[in-house]
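Summary of structural features
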Amino acid sequence: MEGAGENASESSPSAPGSEESARDPQALPLEEELGGCARSLEAVPKKLCGYLSKFGGKGPIRGWKSRWFFYDERKCQLYYSRTAQDANPLDSIDLSSAVFDCKADAEEGIFEIETPSRAITLKAATKQVMLYWLQQLQMKRWEFHNSPPPPPAAPDAALAGNGPALHLELGQEEAEVEEFLCPVKTPTGLVGEAAALQPFPALQNISLKHLGTEIQNTMHNIRGNKQTQGTGHEPPEEDSPQSREPQREEPSSAHDPSTPGREPADSPKLALKSSLAISFVQKAKRPSNTFPFFSEGITRNRTAQEKVVALEQQVLMLTKELKSQKELVKILHKALEAAQQEKRASSAYLAAAEDKDRLELVRHKVRQIAELGWRVEALEQERESLAHTASLREQQVQELQQHVQLLMDKNHAKQQVICKLSEKVTQDFTHPPDQSPLPPDTADRDLLSQQEKIEHLKDDMEAYRTQNRFLNSEIHQVTKIWRKAAEKEKALLTKCAYLQARNCQVESKYLAGLQKLQEALGDEPSKCSELLRQLIQEALQWEAGEASADGIELSPISQYDEYGFLTVPDYEVEDLKLLAKIQALEVRSHHLLGLEAVDRPLRERWAALDELVPSAELKQLLRGGVPREHRPRVWRWLVHLRVQHMHTPGCYQELLSRGRAREQPAARQIELDLNRTFPNNKHFTCPTSSFPDKLRRVLLAFSWQNPTIGYCQGLNRLAAIALLVLEEEESAFWCLVAIVETIMPADYYCNTLTASQVDQRVLQDLLSEKLPRLMAHLGQHHVDLSLITFNWFLVVFADSLISNILLQVWDAFLYEGTKVLFRYALAIFKYNEKEILRLQNSLEIYQYLRFFTKTISNSRKLMNIAFNDMNPFRMKQLRQLRIIHRERLEAELQELEQLKAEYLERQTFQGRAVAEGCASEDEGEGEA
C-alpha cells in the first residue's frame with residue numbers, strides 16, 4: 001500500500017490536492033473498450049483510490065465496514081485498508097481474473113467483484129461513484145491484459161510508423177462499443193487523492209480477521225503522530241528520491257507470510273502475541289513511512305486553512321482511537337505475562353541440576369497441558385450444547401415469527417376488506433347512483449398517482465438500461481480477454497507439443513546410437529560393453545515424465561494406447577526391446593508434430609460432416625484416417641452400407657440362441673484361439689475384461705451364420721478389431737460378416753484358401769511392376785515373400801502394423817475394398833526398400849521381414865506412398881490379374897488332384913499284391 005500510495009503522490013508533486021479534483025470531467029479519457037468518443041490520453045487519472053464500504057464479517061458483526069481501496073497497476077491488485085494512513089493493507093483483490101456486476105434492483109451504490117476464489121460486495125456513496133469505480137476497474141483490467149511486454153529500443157522512425165495502425169484499431173473498437181456505457185464524470189472529492197480528506201471511519205470498523213495488521217498500523221500511526229507533535233506544526237519538507245526508496249518495497253513485505261504481524265494458520269495464539277510484541281519494537285525502530293496521503297502528499301503546497309483542517313482531523317482521529325489503546329495495552333500485558341511465564345518455566349528447566357528435576361518439570365507441564373485439554377473439551381461440549389439450545393430457540397422464534405406474520409396478513413386482509421366496504425358505503429351515501437361517482441378532486445388524485453407510477457417506471461427503466469450497458473461492456477471485454485487467453489494457451493500447447501516431439505526425436509536418436517554402438521562392440525566383454533549395457537538399461541527404464549525443466553512436466557509415453565495395445569512391446573531379447581522403444585518414440589514424435597498441422601484440421605472437417613454420403617470427398621477423408629471420436633459412427637455406417645441387403649432385426653440374437661441349443665463343431669477351435677488373440681492388448685489379456693466373452697459369442701454366431709466357412713484361423717483377429725472400435729457385439733458381428741462375405745472374394749477363408757493364394761501371386765506381379773529393383777534383390781537371394789505377406793491379407797494387417805496405422809488402413813479398406821490391401825502392401829515395401837536392399841543375406845532378410853512392419857512410424861508418409869506414389873493403380877488391372885492367376889492356380893490344383901488320385905490308385909494296387917504274397921500279422925501271432 002505504501003509503495004502504491006507513494007506513486008500516487010509522486011504523479012503530481014507540484015499540483016495541489018484540490019487541483020486534481022477540479023479538472024474538467026469531460027477531459028477524462030475513455031478506455032478503448034468502454035469509450036463512446038475519442039479523447040486525450042493524457043487526462044487519465046494515474047491513480048485509482050478512495051473509500052468504499054465492504055460487506056463482510058461473521059455472525060452478529062456481519063455488516064458494512066468502510067475501507068480505503070487503492071489500485072496497484074503493476075500487479076493488477078486492488079488493496080484495501082481501514083484508513084488511508086495505514087502502512088500495511090488488510091488484504092487485496094486480484095482483478096486479473098475478476099468480473100464485475102451491478103444489479104438494478106439492489107440498493108443504490110452496491111456492486112460486486114467476483115474472482116475465481118471469492119465474491120466481494122462493495123458499496124459506493126452514490127450511483128455515480130459506483131459507475132465510476134466499475135468503469136475504472138474495467139479499464140485497469142483491460143490495460144493489464146492488453147499491455148505488451150516492454151519493447152526493445154527502436155529508432156523514432158520505427159515508432160512513428162506504428163501510429164496509424166494504433167489509431168485504426170482504436171477507431172474500430174469505438175465503432176464496436178456504441179451500445180456500451182458512456183463515460184462517467186469523476187466524482188469530485190469522493191475518489192482519488194482528494195478522497196483521503198474525508199473523515200476517517202469509526203473504531204468499530206476495525207478488522208478482527210486481520211487483527212495483527214490493525215495493531216501494526218495503529219502503533220505505526222501513533223509513532224508518526226508523536227513525531228509530528230515533537231517537530232511542531234511546520235509544513236513538511238519535500239522528500240528526496242532517496243527517502244522514498246524504502247517505501248516502495250513495503251507492499252511486498254506486507255504480504256510476505258514471514259512478516260511480523262501476519263499469523264500463519266497453524267501457529268498458536270500465544271506465539272502470535274509474542275511475535276506481535278516483537279514486531280512493535282521493530283516497527284518503532286524504523287523511520288516513519290506512513291501512508292503518504294497524510295504525512296507527505298496532502299500537506300504539500302497547502303494553504304494555512306487546509307493545514308488546520310488536516311490537523312483537526314488528526315486530533316479527531318486520535319480521540320477516537322484513544323479508546324482502542326486500552327484494549328491494545330491489555331493485549332500486550334497478556335502477551336507479556338505469557339512470555340514471562342514461559343521464561344520462568346524455561347529458566348526453571350535450565351536451572352534444574354539433575355535430569356530427575358527436569359523430568360518432574362516436564363511432567364508438570366504435561367499435566368498442565370492435559371488439564372487445559374480437558375478444559376477445552378468441556379468448553380467445546382458446553383459450546384455445542386449452547387449452540388444446540390440456540391438453534392432450538394431460533395427455530396421456535398422462526399415458528400413464532402411465521403405465526404405472527406400469518407396473523408398480521410390476516411389482519412391486513414381484513415382491514416383492506418373493511419376499508420373497501422367503508423369506501424363503498426361512503427360513496428353510496430355521498431353519491432347516489434343518478435349522480436357522477438367521482439368528484440374532480442378524486443380524479444386528480446388518481447391522475448397524480450398514475451403520473452407518480454409512470455415516473456417510478458421511468459426510473460426503473462433507466463436503471464435497467466444503465467445496468468444493461470455496463471453488462472454489455474463487461475461481457476465484451478471479458479470475451480476478448482478470454483479469446484486472447486485461449487490464443488495464448490493454444491500457442492503454448494503447440495510449442496509444448498513441438499518440444500515434446502523434439503525430445504522424443506533426440507531420445508530416439510540417442511537409443512539408435514546406443515544400438516549401433518552395441519552392434520559395433522559385439523559380444524566381447526570389456527568395460528565399454530558393460531557401460532553400454534548399463535546405459536541401455538537406464539534408457540529403457542527412463543520415462544520423459546521424470547525429466548522436467550523449469551517445472552514443466554513432459555508427458556511420458558503411455559504403456560497402452562487408446563485401444564489397449566502396448567505402445568512398447570515387451571520383448572525378451574534386449575535388442576528388440578531397444579528397437580521397440582525407438583519405435584514408440586518415433587511414433588509419438590510424428591503424432592505430436594502432426595497434431596496441429598494435420599490432425600486438428602482433419603478433426604474440424606470430420607466435425608463439419610453431418611451426414612455421411614458416398615462421395616470423392618468422403619473417400620479422401622477416409623484415406624487420411626477417421627478421428628477416434630468419429631470412428632465408431634463411421635464404421636457402423638460403412639458396415640451398414642455393405643450388409644443392408646442381408647441385415648434383419650433380431651438375427652444376431654437368434655444365432656446366439658441357436659448356439660445355446662446345440663454345440664457348434666467349431667466351438668473347440670474358437671476356444672483355443674481366444675487365448676491367442678492379441679496377447680499385446682490389455683482388453684484380451686485382463687482376466688476381468690468382458691472382451692473375450694464378447695469375442696466368443698461373435699465368432700460362434702458367425703459360424704452359424706456361414707456354415708460353409710464355420711470358423712477359420714484369422715477370423716478371431718478381424719472380430720477383435722471390430723470389437724475394439726465398435727464395442728457392441730452385434731455391430732462387430734455384422735462388421736465380420738461384411739468383411740468375409742462382401743468385401744473379400746468368395747472363397748478367401750475356405751479350406752483351400754484359393755482366393756488368398758491368388759492374391760499372393762497378384763501381389764508378386766505388382767511388386768515386380770512397381771518395385772523391380774527390390775524384387776530382383778529378393779529373387780537373387782531366393783526370398784519367398786508369400787511367407788510374410790499371406791497373413792497380411794488374411795487378417796488385414798491386424799498382427800503387422802501399429803494400431804494407429806492399422807486402423808487408418810481399415811478406414812479406407814471398409815469403404816474401398818481389397819484394393820487398399822494391395823496399395824498398403826506395396827507401400828510397406830517401398831517404405832523400407834532401402835533397408836532391405838542393404839541386407840545381403842537371405843537369413844538376415846527373413847529376420848528383418850519378421851518385424852519390419854513394426855518399424856513404420858510415419859502414417860502420413862505411408863499413406864502418401866500408398867495412394868500417390870503407387871499410382872496408377874486401376875481396379876480393372878487387379879481383376880485381370882486375379883482371373884489369370886486363378887485359372888493357373890485351379891489348373892495346378894486340378895493337376896495336383898490327378899496326381900493324388902493316381903497315387904492312391906497305385907497304392908491300392910500295390911497293397912493287394914503285398915497281401916497275396918505275404919503272411920498276415922494275425923497268422924504270425926498265432927504261430928508264436
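Note on numbering: residues in each chain are counted from 1, in written sequence order. Local features in a predicted model are, by the rule used here, given only for residues with pLDDT of at least 70; side-chain atom pairs are given and counted only at 80 or more, and totals for whole chains, interfaces and linings are based on all residues. As a rule here, side-chain values come from all non-hydrogen atoms in the structure, and water together with hydrogens is ignored.

**Let's talk about the overall build of the protein chain**
The number of helices and strands found in the protein chain is 33 helices and nine strands. Three exposure classes are used, based on accessible area relative to the maximum for each residue type with a 1.4 Å probe and protein chains only: buried under 20%, partly exposed in between, and exposed over 50%. Per-residue burial for the protein chain yields a buried fraction of 38% across its 928 residues. Residue contacts are counted whenever heavy atoms from the two residues lie within 4.5 Å of one another. Looking at the protein chain alone, contacts between residues at least 24 apart form 71% of all its contacts between residues at least 6 apart. Note on areas: these come from Shrake-Rupley sampling with a 1.4 Å probe, and a residue is covered only by the protein chains present in the view. When the accessible area of the protein chain is evaluated, it comes to approximately 54,800 Å², of which 55% is carbon and sulfur surface. A run of H or I in DSSP counts as a helix once it spans at least four residues, and a run of E counts as a strand once it spans at least two, with each numbered from the N terminus.

**Digging into the sheet that holds strand β5 (residues 99-101)**
When DSSP locates at least two bridges between a pair of strands, those strands are taken to pair. Spatially, seven strands are ordered β4-β3-β2-β1-β7-β6-β5 in an open sheet, and the strand pairing comes out antiparallel. Edge positions in the sheet fall to β4 (91-94) and β5, since each has one partner strand and no second. Taking each pair of neighbouring strands and ignoring which way they run, the sheet shows an average axis angle of 35 degrees. Here strand β3 (residues 77-81) runs beside β4; their pairing, made up of four bridges, is antiparallel. Residue pairing for β4: Tyr 80 is matched across the bridge by Asp 91. Lines fitted to C-alpha atoms define the axes here, with helix axes fitted over just the stretch in contact, and angles between the N-to-C directions of these axes take values from 0 to 180 degrees.

**Comments concerning the pattern of salt bridges**
Put simply, a salt bridge is a Lys or Arg side-chain nitrogen that is within 4 Å of an Asp or Glu carboxyl oxygen. Taken as a whole, this structure holds 26 salt bridges when the rule is applied. When the shortest N-O distance is used, the salt bridge between Glu 474 and Arg 141 registers 2.9 Å. On the criterion of sequence distance, the pair formed by Glu 474 in helix α13 (residues 440-521) and Arg 141 in helix α3 (residues 127-146) is long-range, its members being 333 residues apart. Taking the relative accessible area as the measure of exposure, Arg 141 reaches 1% and is therefore buried. Across the pair Asp 673 and Arg 676 runs a salt bridge, and its minimum N-O distance is 3.4 Å. By relative accessible area, which is 45% here, Arg 676 ends up partly exposed.

**Description of the packing of helix α28 (residues 819-831) against helix α31 (residues 859-869)**
Interhelical geometry of α28 versus α31 gives an angle of 120 degrees and a closest axis separation of 8 Å. As judged from the angle between their axes, α28 and α31 are oblique. At the point where α28 passes α31, the crossing takes the right-handed sense. Between α28 and α31, the contacting residues are Val 820, Arg 823, Tyr 824, Ala 827, Ile 828, Lys 830 and Tyr 831 on the first element and Lys 861, Leu 862, Met 863, Ile 865, Ala 866 and Phe 867 on the second. The residue classification treats Ala, Val, Leu, Ile, Met, Phe, Trp, Tyr, Cys and Pro as nonpolar and Asp, Glu, Lys and Arg as charged. All others, Gly included, are polar. Split by residue class, the contact of α28 with α31 holds 10 nonpolar, no polar and three charged. Any angle that is under 35 degrees is reported as roughly parallel, and any over 145 degrees as roughly antiparallel; angles of 65 to 115 degrees are reported as roughly perpendicular and all others as oblique. Left-handed describes a crossing whose near helix is turned anticlockwise from the far helix by less than a right angle; the clockwise case is right-handed.

**Side note on the pairing of strand β1 (residues 49-56)**
Burial analysis of β1 places six of its eight residues in the buried class, the great majority of the element. Two elements, β1 and strand β2 (residues 63-72), share eight bridges in a ladder whose sense is antiparallel. Its bridge partner lying in β2, Phe 55 is registered against Trp 64.

**A look at unusual backbone geometry**
Residue Pro 872 is bonded to the preceding Asn 871 through a cis peptide linkage, with omega at 0 degrees. For Pro 872, the location among the structural elements is in the loop between α31 and α32 (875-917). Its identity is not glycine, yet Phe 678 carries a phi of approximately 45 degrees, on the positive side. Of note, Phe 678 is situated in the loop between α19 (667-674) and α20 (682-685).

**Considerations on helix α22 (residues 715-726)**
One less than the residue count of a helix, multiplied by 1.5 Å, gives the span that helix is expected to have. Across its 12 residues, α22 extends 16 Å between first and last C-alpha, which sits within 8% of the 16 Å expected from 1.5 Å per residue. Of all the 12 residues making up α22, 12 are buried; the element is thus mostly covered by neighbouring parts of the structure. Glu 727, located one to two residues past α22, shows a positive phi value of around 70 degrees.

**Quick look at the nonpolar core**
Grouping buried Ala, Val, Leu, Ile, Met, Phe, Trp, Tyr and Cys residues that are joined through side-chain atoms within 4.5 Å yields what is termed a nonpolar core. Trp 606, Leu 715, Tyr 749, Phe 797 and Phe 829 are the most contacted members of the largest nonpolar core, which totals 118 residues. The residues contacting Phe 797, other than those within four sequence positions of it, are Trp 792, Leu 806, Val 809, Leu 821, Tyr 824, Ala 825 and Ile 828. With 28 residues, the next largest nonpolar core counts Leu 52, Leu 122, Leu 134 and Phe 470 among its residues.

**Re the side chain of Gln 760**
For Gln 760, the location among the structural elements is in helix α24 (residues 754-770). A polar contact is formed between the side chain of Gln 760 and the backbone nitrogen of Phe 790, at a distance of 3.4 Å. We call two N or O atoms a polar contact when they sit within 3.5 Å, provided that within protein one can donate a hydrogen and the other can accept it, with sequence-adjacent residues counted only if both atoms are side-chain atoms.

**Quick word on a nonpolar patch on the surface**
On the surface, Tyr 349, Leu 350, Leu 359, Val 362 and Val 366 cluster together into a nonpolar patch covering about 450 Å² of accessible area. Secondary-structure elements contributing two or more residues to the nonpolar patch are α11 (304-351) and α12 (355-430). It is α12 that provides the largest number of residues to the nonpolar patch, a total of three residues. Turning to its location among the elements, Tyr 349 is positioned in helix α11. In this analysis, a patch consists of residues with relative accessible area above 30% that form no salt bridge, clustered at 9 Å for like charges and at 5 Å for the nonpolar side chains Val, Leu, Ile, Met, Phe, Trp and Tyr.

**A look at α3**
In this model α3 runs 28 Å from its N-terminal to its C-terminal C-alpha over 20 residues, within 8% of the 28 Å that 1.5 Å per residue would give. A large share of α3 lies buried, amounting to 14 of its 20 residues.

**Let's talk about the confidence of the model for the protein chain**
Within a predicted model, pLDDT stands for the predictor's per-residue confidence, ranging from 0 to 100. Mean pLDDT over the protein chain stands at 75; residues scoring 70 or higher make up 69%. Here residues 232-301 is a poorly scored stretch, pLDDT under 50, and it has 115 contacts once near neighbours within four places are set aside; other chains count. A low-confidence stretch, residues 544-555 (pLDDT under 50), is modelled with 16 contacts involving residues beyond four sequence positions or located in other chains.

**Observations regarding the pairing of strand β6 (residues 110-114)**
Pairing of β5 with β6 involves three bridges; the strand directions are antiparallel. Bridge assignment links Val 99 to a residue of β6, and that residue is Glu 114. As judged from the five bridges shared by β6 and strand β7 (residues 119-123), these two strands associate in the antiparallel manner. Within β7, the residue paired with Ile 110 across the bridge is Lys 123. As consecutive antiparallel partners, β6 and β7 are separated by four residues.

**Observations regarding the state of the cysteines**
Each disulfide consists of a covalent bond between the sulfur atoms of two cysteine residues. In this description, the term disulfide denotes a pair of cysteine sulfurs within 2.5 Å. What the rule picks out here adds up to zero disulfides. Here Cys 750 stays free of any disulfide, with the sulfur of Cys 712 as its closest cysteine sulfur at 8.4 Å.

**Thoughts on the packing of aromatic side chains**
Two rings from Phe, Tyr or Trp (for Trp, the six-membered ring) form a pair when their centres are within 6.5 Å of each other. A pair whose planes differ by under 30 degrees is stacked, one over 60 is edge-to-face, and the rest are tilted. In this structure the tally under the stated criterion is 19 aromatic pairs. Note on Trp 792 and Phe 829: the rings are 5.5 Å apart at their centroids and 35 degrees apart in plane angle, and the pair reads as tilted. With Trp 792 in helix α26 (residues 786-794) and Phe 829 in helix α28, the pair connects residues that are 37 residues apart, well separated along the chain. Classification of Phe 829 as buried rests on a relative accessible area of 0%. Taking the centre distance of 5.0 Å and the plane angle of 65 degrees together, the rings of Phe 793 and Phe 822 count as edge-to-face. With Phe 793 in helix α26 and Phe 822 in helix α28, this residue pair connects regions lying 29 residues apart in the sequence. An aromatic cluster is built from Trp 792, Phe 797, Phe 829, Tyr 848, Phe 851 and Phe 852, whose rings are joined through pairwise contacts. Lying over the aromatic face of Tyr 563, Arg 628 brings its terminal NZ or CZ to 5.2 Å of the ring centre. Over the aromatic face of Tyr 831 sits the side chain of Lys 861, whose NZ or CZ is 4.6 Å from the ring centroid. Look at NZ for Lys and CZ for Arg. If either is within 6 Å of the ring centre and within 35 degrees of the ring normal, a charge sits over the ring.

**Description of a positive patch on the surface**
Taken together, Lys 516, Lys 834, Arg 838 and Lys 861 make up a surface patch of like positive charges. Relative to the elements of secondary structure, Lys 861 occurs in helix α31. For Lys 861, a relative accessible area of 41% gives the class partly exposed. Charged-residue counts in this description rest on Lys and Arg as positive and Asp and Glu as negative, His and the chain ends being excluded. By convention, charge coordinates are those of NZ in Lys, CZ in Arg, CG in Asp, or CD in Glu.

**Details of the environment of Leu 724**
Following the sequence through the fold, Leu 724 ends up in helix α22. Between the C-alpha atom of Leu 724 and that of Phe 691, which follows or precedes it by 33 residues, the distance is 8.4 Å. What Leu 724 contacts, discounting residues up to four positions off in sequence, is Tyr 563, Phe 565, Asn 681, His 683, Phe 684 and Phe 691.

**Overview of the environment of Asp 561**
Along the chain, the position of Asp 561 falls in the loop between β9 (552-553) and α15 (574-608). Distance in space between the C-alpha atoms of Asp 561 and Asn 681 is 9.3 Å, their sequence separation being 120 residues. Aside from chain neighbours lying at most four places away, what touches Asp 561 is Thr 567 and Ser 803. One polar contact links the side chain of Asp 561 to the main-chain amide nitrogen of Gly 564, over a distance of 2.9 Å. Among the polar contacts made by the side chain of Asp 561, one reaches the main-chain amide nitrogen of Phe 565 at a distance of 2.7 Å.

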